[in-house]
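One-letter residues, chain by chain:
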Amino acid sequence: MTDPVILTELRGDGERRTALVRLNRPKQLNALNDEVMDALGEALRRFDADPAVGAIVITGSEKAFAAGADIGMLSQHDFISAYTTDLVTRNWETIRSVRKPVIAAVAGFALGGGCELAMMCDIIVAADNARFGQPEIKLGVIPGAGGTQRLPRAVGKAKAMDMVLTGRMMDAAEAERSGLVSRVLPADKLLDEVLAMGELICTLGTASVLAAKECVNRAYESPLAEGMMVERRMFHALFGTPDQKEGMDAFLAKRPAKFVR
Ligand code: DAK
């Protein structure tokens, strides 16, 4: 029997729990193929729909988050087959459509589609051995899942051009300095700390967490004035939730808040 290409489990013991999704093709450094992307898409849709799940963590192995799309699979294609079969596109947009927070816990290589997968998550936390890169230029192609679009938004044009045009990798310290990752942790602490982040998010109000994610994403997809308006209206709307009453009452009463779903 072959090993499953992803492993999933629920972590934490609160009312809502963190779903952990682990890419599991260690011999191929978690190279992404249709089987992985189908399994990942299915797991993300399932956890997003599950009210017992408050946050999702995607991780890989200690050596590789994912070393990109499977080059053996890519090499089989010509233009006609790539175009007509929508090569490796299926399920990529699923990640963006997940409404709950998705955190990438990246150790080792996050290259090509692996870097793009991490950038589709809401937060990237890196182990100190993490290395990010868009090496597609060395394969005679360019990034195809956001590397030329999300990377410049994250690290600026200068570094994005440097990485996309030379294929060089960025280490964890540079990735943190450049704004690609939110935190760098010792490799042996990565998963526990990221799961703790997930657990913390699980204790917060569901509506405010979804609204916060939606509003931050708006910052990348709309002009400032429109984003500000969406934020303001969402802020107003949250005054209609029991969580707003509970959060503010709890602060004033100097007690921990207990948010309902
Ligand atoms: N694909 C297939 N196998 C891979 C792989 C990959 N991307 N990366 C590594 N492997 C395999 C190696 O072939 C090797 O297999 P065996 O020889 O043991 O059978 C095994 O993993 C271990 O790799 P190495 O022996 O090379 O290990 P090293 O530590 O020496 O080097 C490395 C690690 C990560 C630096 C090196 O393996 C490497 O350069 N890998 C290729 C990285 C790469 O070029 N990635 C970009 C691929 S292109 C799209 C969505 C996504 C994409 C495009 C479009 N749409 C939604 C439209 C994505 C494209 C890409 O990612």
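Placed above this text is the structure.
Rules of the game
- Residues numbered from 1 in each chain as written.
- Predicted model: local features only at pLDDT ≥ 70, side-chain atom pairs only at ≥ 80, totals over all residues.
- Heavy atoms only, no water.
- Patch = residues over 30% accessible without salt bridge, like charges linked within 9 Å, V, L, I, M, F, W, Y side chains within 5 Å.
- Areas by Shrake-Rupley, 256 points an atom, 1.4 Å probe, with all protein chains shown as cover.
- Salt bridge = Lys/Arg side-chain N within 4 Å of Asp/Glu carboxyl O.
- Helix = DSSP H or I, 4+ residues; strand = E, 2+ residues; numbered from the N terminus.
- 1 Å grid on protein atoms, 1.4 Å probe; cavity = no way out; pocket = protein on both sides within 12 Å on 5 of 7 lines; lining within 4 Å.
- Points joined across faces, edges and corners; volume = space filled by probe spheres on them.
- Nonpolar A, V, L, I, M, F, W, Y, C, P; charged D, E, K, R; others polar.
- Buried < 20%, exposed > 50% of the residue type's maximum accessible area, 1.4 Å probe, protein only.
- Polar contact = N/O pair within 3.5 Å; in protein donor to acceptor, adjacent residues only side chain to side chain.
- Lys, Arg positive; Asp, Glu negative; His and termini not counted.
- Contact = heavy atoms within 4.5 Å.
- Phe/Tyr/Trp six-rings, centres within 6.5 Å; stacked < 30°, edge-to-face > 60°.
- Pairing = 2+ DSSP bridges.
- Axes fitted to C-alpha atoms, helices over the stretch in contact; angles between N-to-C directions.

## Quick notes on a nonpolar patch on the surface
Here is step 1 of the chain: Together, I137, I142, M161 and L165 give the surface a local cluster of nonpolar side chains, amounting to about 390 Å² of exposed area.
Here is step 2 of the chain: Secondary-structure assignment places L165 in helix α7 (residues 157-166).

## With respect to empty space enclosed by the protein
Here is step 1 of the chain: Throughout the structure, instances matching the rule amount to 1 cavity of 30 Å³ or more.
Here is step 2 of the chain: As a volume, the largest cavity reaches approximately 60 Å³.
Here is step 3 of the chain: Every residue along the wall of the largest cavity is listed here: R16, V53, G54, K100, P101, I201, L204, G205, T206, V209 and L210.
Here is step 4 of the chain: Within the residue set of the lining of the largest cavity, elements represented by two or more residues are β3 (53-59) and α10 (206-221).
Here is step 5 of the chain: Residue contributions to the lining of the largest cavity peak at 3 residues, all from α10.
Here is step 6 of the chain: A class-by-class count of the residues in the lining of the largest cavity yields 6 nonpolar, 3 polar and 2 charged.

## Re the side chain of S222
Here is step 1 of the chain: With respect to the element layout, S222 can be found in the loop between α10 and α11 (224-237).
Here is step 2 of the chain: Relative accessible area serves as the criterion here: at 15%, S222 is assigned to the buried category.
Here is step 3 of the chain: Separated by 2.8 Å, the side chain of S222 and the backbone oxygen of R218 make a polar contact.

## Overview of the side chain of K100
Here is step 1 of the chain: As for its position among the elements, K100 is in the loop between α4 (92-97) and β5 (102-106).
Here is step 2 of the chain: Lacking a salt bridge, the buried K100 has D48 as its closest oppositely charged neighbour, with an N-O distance of 4.8 Å.
Here is step 3 of the chain: A polar contact is formed between the side chain of K100 and the backbone oxygen of D48, at a distance of 2.9 Å.

## With respect to the environment of A127
Here is step 1 of the chain: Looking at where A127 falls in the secondary structure, it is placed in strand β7 (residues 123-127).
Here is step 2 of the chain: For the pair formed by A127 and G205, sequence separation is 78 residues and the distance between their alpha carbons is 29 Å.
Here is step 3 of the chain: Ignoring anything within four residues of it in the chain, the contact list for A127 reads V106, A107, A172, V184, L185, A187 and L190.

## Focus: the packing of aromatic side chains
Here is step 1 of the chain: Under the definition given, this model contains 2 aromatic pairs.
Here is step 2 of the chain: Ring centres of F79 and Y83 lie 5.4 Å apart, and the angle between their planes is 15°; on these two criteria the pair is classed as stacked. With F79 and Y83 both in helix α3 (residues 79-84) and 4 residues apart, the pair spans about one turn of that helix. Here the two residues F79 and Y83 agree in accessibility, since each one is exposed.

## Details of the sheet that holds strand β8 (residues 131-133)
Here is step 1 of the chain: One open sheet accounts for 4 strands, arranged β4-β6-β8-β9; its pairing is mixed. Two strands in the sheet have a free side with no partner beyond their single neighbour: β4 (64-66) and β9 (170-171).
Here is step 2 of the chain: Two elements, strand β6 (residues 109-111) and β8, share 3 bridges in a ladder whose sense is parallel. Its bridge partner being in β8, A110 is matched across the sheet by F132.
Here is step 3 of the chain: Seen against the sheet, helix α5 (residues 113-120) touches β4, β6 and β8 and runs at an angle of roughly 90° to β6.

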